[in-house]
Amino acid sequence: MTLTLFTEPIKAADGHVYERSVTEEFTQDGTFTSPMTQDPSRAQDFEPAHDVREQATKFRIERSEALAALVSDAAREQPLPVSIAMAAVDRLSEYLTALKTADVALLAPPTSAACDALLKLARSKANPQGSWKALPKDVRKVHGLKRQVTSGHGENSDLRVLTCLVCFDDYP
């Protein structure tokens with residue numbers, strides 16, 4: 001129903017898997033009507049779908065590793081493929097937010113290295129020879145991603161705080 005990867009999947013009586021927050025939103029008077037079968041289910045009859053959650057977590061970890069490698073590879077290209085690199089940064093941040101702290105810690109070294117590779121290219125007062133004429137919002141995203149994997153990361157992170165820590169940098 002959300003068209004995104006599951007974070008807290010649950011299985012309804014009809015056998016279909018839904019995101020918990022969505023079923024809670026669509027439950028009326030303790031009854032959830034399946035959008036797949038139109039069968040009503042009592043909200044208390046849902047069961048956690050542990051296997052689906054494990055699959056989604058595994059996918060996020062694997063894709064996060066691949067995205068960090070993509071960002072590192074993109075940083076070696078001249079000129080920098082900015083749209084590809086920044087799309088990867090955005091998706092990587094999204095995946096890391098849904099992971100547990102221990103999983104994010106495993107992904108921290110390659111993600112941090114990828115961020116460093118991009119930041120070395122960013123033209124700024126501190127790096128006037130930088131080859132990437134980075135928009136301030138893009139530099140903030142890269143700094144935010146690096147902060148996400150080095151502190152306060154995972155499912156308990158508050159990216160609003162991380163963004164505010166880097167949003168007032170002075171970039172041309």
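Structure: above.
Residues numbered from 1 in each chain as written. Predicted model: local features only at pLDDT ≥ 70, side-chain atom pairs only at ≥ 80, totals over all residues. Heavy atoms only, no water.

### Topic: the overall build of the protein chain
Within the protein chain, the regular secondary structure consists of six helices and six strands. Shown N-terminal to C-terminal, the secondary structure of the protein chain runs as helices and strands in the order β-β-α-β-β-β-β-α-α-α-α-α. Burial statistics for the protein chain: of 172 residues in total, 35% are counted as buried. Across the protein chain, contacts joining residues at least 24 apart in sequence account for 60% of those joining residues at least 6 apart. When the accessible surface of the protein chain is split by element, carbon and sulfur atoms take 54% of a total near 10100 Å². (Helix = DSSP H or I, 4+ residues; strand = E, 2+ residues; numbered from the N terminus. Buried < 20%, exposed > 50% of the residue type's maximum accessible area, 1.4 Å probe, protein only. Contact = heavy atoms within 4.5 Å. Areas by Shrake-Rupley, 256 points an atom, 1.4 Å probe, with all protein chains shown as cover.)

### What to know about unusual backbone geometry
That bond from glutamine 78 to proline 79 is cis: its omega, -5°, falls within 30 degrees of zero. Along the chain, proline 79 falls in the loop between helix H2 (50-76) and helix H3 (82-98). Despite not being glycine, aspartate 29 has its phi angle at roughly 55°, a positive value. Structurally, the position occupied by aspartate 29 is in the loop between strand S3 (27-28) and strand S4 (31-33). Owing to a relative accessible area of 83%, aspartate 29 belongs among the exposed residues under this scheme. Even without being glycine, glutamine 38 reaches a positive phi, approximately 65°. In this structure, glutamine 38 sits in the loop between S4 and strand S5 (40-42). Overall, glutamine 38 belongs to the exposed group, its relative accessible area being 54%.

### Here we look at the sheet that holds S4
Within the open sheet, the three strands sit side by side as S3-S4-S5. Their pairing is antiparallel. Every other strand in the sheet has two partners, leaving S3 and S5 as the edge strands with one partner each. Looking at chain direction, S4 and S5 are connected through three bridges and run antiparallel. For threonine 31, the partnering residue across the bridge sits in S5 and is arginine 42. (Pairing = 2+ DSSP bridges.)

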